[in-house]
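Structure at a glance
Chain by chain, the residues:
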Amino acid sequence: MRKIFKLLSIGILSLFIFSVSFSTEDYQKDILSLVNIEREKENLSPLTLDEKLNEIAKDKVNLLIKEGKLNHLAGGYKSLGEFLRTYDVEFLMAGENIARKTRTNEETMNLWLNSKGHRANILNKSFTNIGIAKGSDENGDIYWVQIFIKNK
């Protein structure tokens, strides 16, 4: 009986570790890497991928898809700060990049890096954490969101 319990415990623990270590999707890791490569070029600290911000970014993607357009105020929020506070996120500063219709991580990052405002978010020395998400609408258009914060 002890042997069965021990095997079951190891199996459950292994399953837990497996699911936790693969909770971040490959595209999120790739975009984080691309962001941090750009930050390194400017001698900036790397951003930390934040699972809570990933979930919030995914919710923002879903709002964008529902509305069918790019809108920093999607869902009727007056600001990104108001949106983040509905998730009890504590922050000193926040920023957001959104995109649509790009197909790859690289294409999306190039779009953001060639836009003054988006590039400023990626290279903002104050930001510490990032959340990343993407999703497709019924037409196959891909919506992308990056949420940046400076922790409180």
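Each remark here, short or long, concerns the structure printed above.
These remarks concern the structure in this document. Note that the coordinates shown come from a computational prediction; the quantities given were computed from them, not determined experimentally.

**Structural notes on the pairing of strand 3 (residues 129-136)**
In terms of burial, strand 3 is a largely internal element, six of the eight residues being buried. When strand 1 (residues 48-49) meets strand 3, the two strands line up parallel, connected through two bridges. Residue pairing across strands places Thr48 opposite Asn129, the latter belonging to strand 3. In terms of strand pairing, strand 3 meets strand 4 (residues 142-151) through eight bridges, oriented antiparallel. Counted as the bridge partner of Ala133 is Val145 from strand 4.

**Things to note about the packing of helix 2 (residues 26-41) against helix 5 (residues 105-113)**
At their nearest, the axes of helix 2 and helix 5 sit 10 Å apart, and the two run at 35 degrees to each other. Judged by the twist between their axes, the crossing of helix 2 over helix 5 is right-handed. Residues Tyr27, Asp30, Ile31, Leu34, Val35 and Glu38 of helix 2 touch helix 5, and the partners they reach there are Asn105, Glu106, Met109 and Leu113. Taken together, the residues that form the contact of helix 2 with helix 5 break down as six nonpolar, one polar and three charged.

**Remarks on the side chain of Asp141**
Residue position: Asp141 is located in the loop between strand 3 and strand 4. Beyond its immediate stretch of four places on either side in the chain, Asp141 contacts Arg100, Lys101, Arg103, Gly135 and Ser136.

Each value, and the rule that gives it
Residues numbered from 1 in each chain as written. Predicted model: local features only at pLDDT ≥ 70, side-chain atom pairs only at ≥ 80, totals over all residues. Heavy atoms only, no water. Buried < 20%, exposed > 50% of the residue type's maximum accessible area, 1.4 Å probe, protein only. Helix = DSSP H or I, 4+ residues; strand = E, 2+ residues; numbered from the N terminus. Pairing = 2+ DSSP bridges. Axes fitted to C-alpha atoms, helices over the stretch in contact; angles between N-to-C directions. Left-handed = near helix turned anticlockwise from the far one by under 90°. Contact = heavy atoms within 4.5 Å. Nonpolar A, V, L, I, M, F, W, Y, C, P; charged D, E, K, R; others polar.

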